[in-house]
Amino acid sequence: MITVKANAKINLALDVLGKRRDGYHEVKLVMQSIGLADTIWMEPKPCGIELEVDSPELPVDESNLAYKAARLFLDEHSMQHGVSIAVKKKIPMGAGLAGGSADAAAVLLGMDKLFGTRMTQSDFMRMAAKLGSDVPFCIIGGTMLAEGRGECLTELPELPSCWVVLAKPDVSVSTAWAYNAFDDEKDVVHPDIDGLQQALKDGDMQKVLSNIGNVLEPIAVREYPVIGDYLAQMEKHGAQACRMTGSGSAVFGIFKSQVEAESAAAALRGLASEVFAVPVKRKACTIEC
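Residues numbered from 1 in each chain as written. Predicted model: local features only at pLDDT ≥ 70, side-chain atom pairs only at ≥ 80, totals over all residues. Heavy atoms only, no water.

## Observations regarding the layout of surface pockets
Reasoning step 1: Estimated volume of the largest pocket: approximately 1,100 Å³.
Reasoning step 2: In terms of lining residues, the largest pocket is bounded by 45 residues, among which Ala98, Ser101, Asp134, Thr175 and Ser247 are the most central.
Reasoning step 3: Those elements giving two or more residues to the lining of the largest pocket turn out to be β1 (2–19), β2 (25–45), α1 (65–76), α2 (99–115) and α5 (175–183).
Reasoning step 4: When the residues that make up the lining of the largest pocket are grouped by side-chain class, the tally is 20 nonpolar, 19 polar and six charged.
Reasoning step 5: In this structure, the second largest pocket spans a volume of roughly 240 Å³.
Reasoning step 6: Along its surface, the second largest pocket is lined by 17 residues, and Val189, His190, Asn214, Val215 and Pro218 are the ones closest to its centre.
Reasoning step 7: Listing elements by their share of the lining of the second largest pocket, those giving two or more residues are α7 (205–211), β8 (213–214) and α8 (217–223). (1 Å grid on protein atoms, 1.4 Å probe; cavity = no way out; pocket = protein on both sides within 12 Å on 5 of 7 lines; lining within 4 Å. Points joined across faces, edges and corners; volume = space filled by probe spheres on them. Helix = DSSP H or I, 4+ residues; strand = E, 2+ residues; numbered from the N terminus. Nonpolar A, V, L, I, M, F, W, Y, C, P; charged D, E, K, R; others polar.)

What follows is the structure, encoded as structure tokens:
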């Protein structure tokens, strides 16, 4: 049996540059792995794919990204074998934290280890891109610039050590809705992603904090004011900077230390049912055995 920890991600910056001919949006993102993880167990079986998830809200058929990843892996390697997959969810759903993409990436990495196929990184990235825009990042993780649909990755200097507090309101934001709503926006204020990249290269945490941003945040806050309330609470409880991640609905705050992060998280738990204090991470997935 193989066990894989699949880490969530936040967007330190998210910009949308326009709509492409293929219907997707051209984006420019800075993504960061964090220590909030789903746990995935895999073991071989004679044939077929069996998926078990501890959340009744998630499907266990071919509409689940983890299932799709297993099917793609078996098809790509022309394997007659099967696999049994069990997923213990910790990453909130509908939150902009790439939980489904992280699980798919973990399945690809775990099955490579399980079946001894010794795939190259380019193999993983090619397969990941077929599954979704965030899956390539979830193969590698760390601190990355993502362009195109999000699948074109460039490694950036590591974010200086810090802790992140996450809080998810009891609403979920449709990614498709958020991007479609963006198309109707006027007077958009774009985050300074070039400035953020330079701050990371300089190791200047203050400039990093001043350059985080999310072009979709005003749209989501207008439609779901509770997201704005959570951001205000995050700031009230000492976040050095705070933003919505992805298309929402989760918000994150950056804190200098574990003590400060856990203190803020304790205060926020009176407001939200899903609150986490976690460190930043240098990689996306960890194979434990």
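Having seen the model, we can carry on.
## Topic: helix α3 (residues 121–131)
Reasoning step 1: Considered for burial, the residues of α3 that qualify are Phe124, Met125, Met127, Ala128 and Leu131.
Reasoning step 2: Where α3 is buried, its residues meet α1, α2, α4 (135–140) and β6 (152–155). (Buried < 20%, exposed > 50% of the residue type's maximum accessible area, 1.4 Å probe, protein only. Contact = heavy atoms within 4.5 Å.)

## Some points on the packing of α2 against α3
Reasoning step 1: Packing of α2 against α3 leaves a shortest axis separation of 10 Å and a crossing angle of 145 degrees. Classified by chirality, the crossing of α3 by α2 is right-handed. Facing α2, whose interface residues are Ala104, Leu108, Leu109 and Asp112, α3 presents Phe124, Met127, Ala128 and Leu131.
Reasoning step 2: By residue class, the composition of the contact of α2 with α3 is seven nonpolar, no polar and one charged. (Axes fitted to C-alpha atoms, helices over the stretch in contact; angles between N-to-C directions. Left-handed = near helix turned anticlockwise from the far one by under 90°.)

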